[in-house]
Amino acid sequence: QVQPVESGGGLVQAGGSLRLSCAASGRTFRRYGMGWFRQAPGKEREFVAAITLTGGNTNYADAVKGRFTISREAAKNTVYLQMNSLKPEDTAVYYCAITISTKMVLTTEDYDSWGQGTQVTVSS
């Protein structure tokens with residue numbers, strides 16, 4: 001089973017940038033679509049960004065569109081989330097997830113394997 005592991009979270013001031021990484025074990029990484037979700041205290045987990053297995057199709061939540069970029073590097077079995085112009089409302093635990101779907105999927109129910117999460121805190 002492919003298991004994603006996130007890294008790259010931390011504390012940053014508003015307007016700053018962070019890059020999250022998601023490394024997935026297993027030789028079959030290239031068969032999976034990948035997504036990023038986040039969960040703030042007291043709120044439900046929400047979709048942030050997704051990328052299909054070929055990397056040719058991406059999708060973003062309206063709240064992060066134009067500020068965040070998802071990409072994948074197959075040779076390193078890694079997916080990235082570049083986050084620019086961060087806002088305090090971006091503060092959350094960010095989760096990487098894997099889906100066997102070949103379609104673009106945006107809901108938590110469509111993802112099959114989850115990482116443990118990495119904390120992102122944006123101070124005002």
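Cut-offs and rules
- Residues numbered from 1 in each chain as written.
- Predicted model: local features only at pLDDT ≥ 70, side-chain atom pairs only at ≥ 80, totals over all residues.
- Heavy atoms only, no water.
- Helix = DSSP H or I, 4+ residues; strand = E, 2+ residues; numbered from the N terminus.
- Rg over C-alpha atoms; globule rule 2.2 N^0.38 Å.
- Buried < 20%, exposed > 50% of the residue type's maximum accessible area, 1.4 Å probe, protein only.
- Contact = heavy atoms within 4.5 Å.
- Areas by Shrake-Rupley, 256 points an atom, 1.4 Å probe, with all protein chains shown as cover.
- Lys, Arg positive; Asp, Glu negative; His and termini not counted.
- Charge placed at Lys NZ, Arg CZ, Asp CG, Glu CD.
- Phe/Tyr/Trp six-rings, centres within 6.5 Å; stacked < 30°, edge-to-face > 60°.

Describing the overall build of the protein
Within the protein one finds 0 helices and 11 strands. In the protein, the succession of helices and strands from N to C terminus is β-β-β-β-β-β-β-β-β-β-β. Its C-alpha atoms give the protein a radius of gyration of 13 Å, near enough to 14 Å, the size a compact globule of 124 residues would have. C-alpha extents for the protein along the principal axes are approximately 40 × 25 × 25 Å. Burial statistics for the protein: of 124 residues in total, 42% are counted as buried. Of the contacts formed within the protein by residues at least 6 apart in sequence, a portion of 59% connects residues at least 24 apart. About 6500 Å² of surface is accessible on the protein, with carbon and sulfur atoms providing 46% of the total. Of the side-chain charges in the protein, 13 are positive and 10 negative, and the distance between the mean point of each set is 8 Å.

With respect to the packing of aromatic side chains
Applying the stated rule across the entire model yields 4 aromatic pairs. Seen in terms of ring centroids, Phe37 and Phe47 are 5.8 Å apart; in terms of plane orientation they differ by 75°. Their pairing is edge-to-face. You can see Phe37 sitting in strand β4 (residues 33-39) and its partner Phe47 sitting in strand β5 (residues 46-51), a full 10 residues away along the chain. One exposure class covers both Phe37 and Phe47, and it is buried. Note on Phe37 and Tyr111: the rings are 5.1 Å apart at their centroids and 75° apart in plane angle, and the pair reads as edge-to-face. Note that Phe37 is positioned in strand β4 and Tyr111 in the loop between β9 (92-99) and β10 (113-114), a separation of 74 residues in sequence.

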